[in-house]
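As a plain string of letters, each chain reads:
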Amino acid sequence: MNQHLVIQAVVAGALTFSTALFAADPAAGKAAWNAEHAQTDGSPARSCVTCHGQNLTQAGRHVKTGKAIEPMAPSVNAQRLTDSEKIEKWLLRNCKWTIGRECDANEKADFISYIKTQ
Amino acid sequence: MNNSKRILTIVTVGLLSLGAVGVAFSEDDDDERGKQKRGSGWVQSRADVAPVTNATYGKECSSCHMAYQPGLLPASAWAQVMTSTALSNHYGDDASLSETSRVEISDYLSANAADRSAQTRSQAFAVADAPNAQNQGDALPRITKTRYFVRKHDEIPMRFVTGNSEVGSFSQCHQCHRGAANGVYNEHQVNIPGHGAWAD
């Protein structure tokens, strides 16, 4: 299935329809959020927490550029998870930069469902 | 003996010439002063590097760092930065773009690059990077490695930059150049956090 559609479905809260196809699991998303990944370029291991922090209701800071990152939690930042193109772009970049590869549809759905609960 | 005296003379003359060149470059800043307009008691500065005008570029690039004006690198350097491969390893981060955005931003940067700019400060960035010697290998061009940039910042102690938590690196233009976002880089708008104004 088209990954873009999957993300739109998850964002739109259509989880009841999609669970059969892709198990969007907030607990798995949380575990993946905290999982550390060794880096091949000599940088210290990183996870989503490295830049976004463990508490999604608080702002983060990009470990490399120092850029402030607005909170990811929709409960404090209503802009989050409202723009599917933006979600696609950042999941692509951040999976590649942190995990070292693109995330598959299930992994993306897990991340989004975790962020939604915050 | 005579030989070493001759060498000493050559070296001395060489150093004096370098000094003279240094003075000539310092005077550039005085020219900038002359360009300022005064109005209602405020000193207004004109952009010496054309401000960013492309919305896609502004939005996409400033989500991670200051949207550096196109006039800070020559077109050939922007072309290197903007390939898909280069974007996926963008100075140590992944900055991949959709193909539509990549082409639009790349065209914008190229059309407004330092070597195509009317502003004299921009033109200095084009000349500075021409031989591209420091960018041999797979390293991408950097504004902070251009000869003009290096010359303009060579007297700044590193404790004001990398040793300054509010600055961190020379790539954070706006931390000291308070007009950077608007393309104003003259020294009168410099305010180094924790230090203050900088007189060249």
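Bear in mind that the values here come from a model prediction, so they are computed numbers and not experimental data.

1. Observations concerning the interface of chain A and chain B
Residue-level contacts link eleven residues of chain A with 15 residues of chain B. Carbon and sulfur atoms make up 41% of the surface buried where chain A meets chain B, a total of about 1,100 Å² over both sides. Between the two partners, chain A and chain B, sit two salt bridges. Between D94 of chain B and K96 of chain A there is a salt bridge, with its nearest N and O atoms 3.2 Å apart.

2. Section: the side chain of D48 of chain B
Residue and element names in this part refer to chain B. Tracing the backbone shows D48 in the loop between β2 (42-44) and α2 (55-62). For D48, a relative accessible area of 7% corresponds to the buried category. From its side chain, D48 meets the backbone nitrogen of Y185 in a polar contact 2.9 Å long. Only 3.3 Å separates the side chain of D48 from the backbone nitrogen of N186, close enough to count as a polar contact.

3. Let's talk about the pattern of salt bridges
If you walk through the whole model with that rule in mind, you get seven salt bridges over all chains. With a shortest N-O distance of 2.8 Å, D48 of chain B and R121 of chain B are connected by a salt bridge. Taken together, the residues D48 of chain B in the loop between β2 and α2 and R121 of chain B in helix α6 (residues 120-128) connect sequence positions 73 residues apart. Several salt bridges converge on common partners, so that one network encompasses K89 of chain A together with K59 and E60 of chain B.

4. Digging into the nonpolar core
Most often, soluble globular proteins keep nonpolar side chains buried together rather than apart. Residue and element names in this part refer to chain B. Counting residues in each nonpolar core, the largest one holds 30 residues, and the members touching the most others are Y57, Y68 and W78. Of all the secondary-structure elements, those providing two or more residues to this core are α2, α3 (75-81), α5 (99-111), α6 and α7 (147-153). Ranked by residues supplied to this core, first place goes to α3 with four residues. Apart from the residues within four sequence positions on either side, Y57 is in contact with V52, S62, A67, Y68, W78, I105, Y108 and L109.

5. Focus: helix α6 (residues 105-116) of chain A
All names here are of chain A. For α6, with twelve residues, the first-to-last C-alpha span of 16 Å sits near the 16 Å given by 1.5 Å per residue. A large share of α6 lies buried, amounting to nine of its twelve residues. Buried within α6 are the following residues: A105, K108, A109, D110, F111, I112, S113, Y114 and I115. At the N-terminal boundary of α6, the capping side chain belongs to D104, with an oxygen 3.1 Å from the backbone nitrogen of N106.

6. Quick word on the state of the cysteines
Applying the stated criterion to the full structure yields one disulfide over all chains. Two residues share a disulfide in this structure: C95 of chain A and C103 of chain A, whose sulfurs sit 2.0 Å from each other. Taking the torsion about the sulfur-sulfur bond, which here is approximately -100 degrees, the covalent link between C95 of chain A and C103 of chain A counts as left-handed. The same class applies to C95 of chain A as to C103 of chain A, namely buried. For the unlinked cysteine C48 of chain A, the closest cysteine sulfur is that of C95 of chain A, found at 7.4 Å. Residue C61 of chain B stays outside any disulfide, its sulfur separated by 8.4 Å from that of C64 of chain B, the closest cysteine.

7. What about α2 of chain B?
Along an α-helix, a turn takes 3.6 residues, which lines up residues three or four apart on a common side. Regarding α2 of chain B, the residues found buried are Y57, G58, E60 and C61 of chain B. Buried positions along α2 of chain B lie against α5 (84-98) of chain A together with α3 and α5 of chain B. The backbone nitrogen of T56 of chain B lies 3.0 Å from a side-chain oxygen of the residue at the head of α2 of chain B, namely N54 of chain B.

8. Describing unusual backbone geometry
The residue L81 of chain A is not glycine, and still its phi comes out positive at about 60 degrees. Here L81 of chain A shows up in the loop between β2 (68-69) and α5. By relative accessible area, L81 of chain A is classed as buried at 16%. The phi dihedral of Y91 of chain B is positive, around 50 degrees, even though this residue is not glycine. Counting through the fold element by element, Y91 of chain B comes out in the loop between α4 (84-88) and α5. Given a relative accessible area of 27%, Y91 of chain B falls into the partly exposed group.

Quick notes on the rules
- Residues numbered from 1 in each chain as written.
- Chains lettered and ligands numbered in written order.
- Predicted model: local features only at pLDDT ≥ 70, side-chain atom pairs only at ≥ 80, totals over all residues.
- Heavy atoms only, no water.
- Contact = heavy atoms within 4.5 Å.
- Buried area = accessible area lost by both parts, 1.4 Å probe.
- Salt bridge = Lys/Arg side-chain N within 4 Å of Asp/Glu carboxyl O.
- Helix = DSSP H or I, 4+ residues; strand = E, 2+ residues; numbered from the N terminus.
- Buried < 20%, exposed > 50% of the residue type's maximum accessible area, 1.4 Å probe, protein only.
- Polar contact = N/O pair within 3.5 Å; in protein donor to acceptor, adjacent residues only side chain to side chain.
- Core = buried A, V, L, I, M, F, W, Y, C linked by side-chain atoms within 4.5 Å.
- Expected span 1.5 Å × (residues − 1).
- Disulfide = S-S within 2.5 Å.

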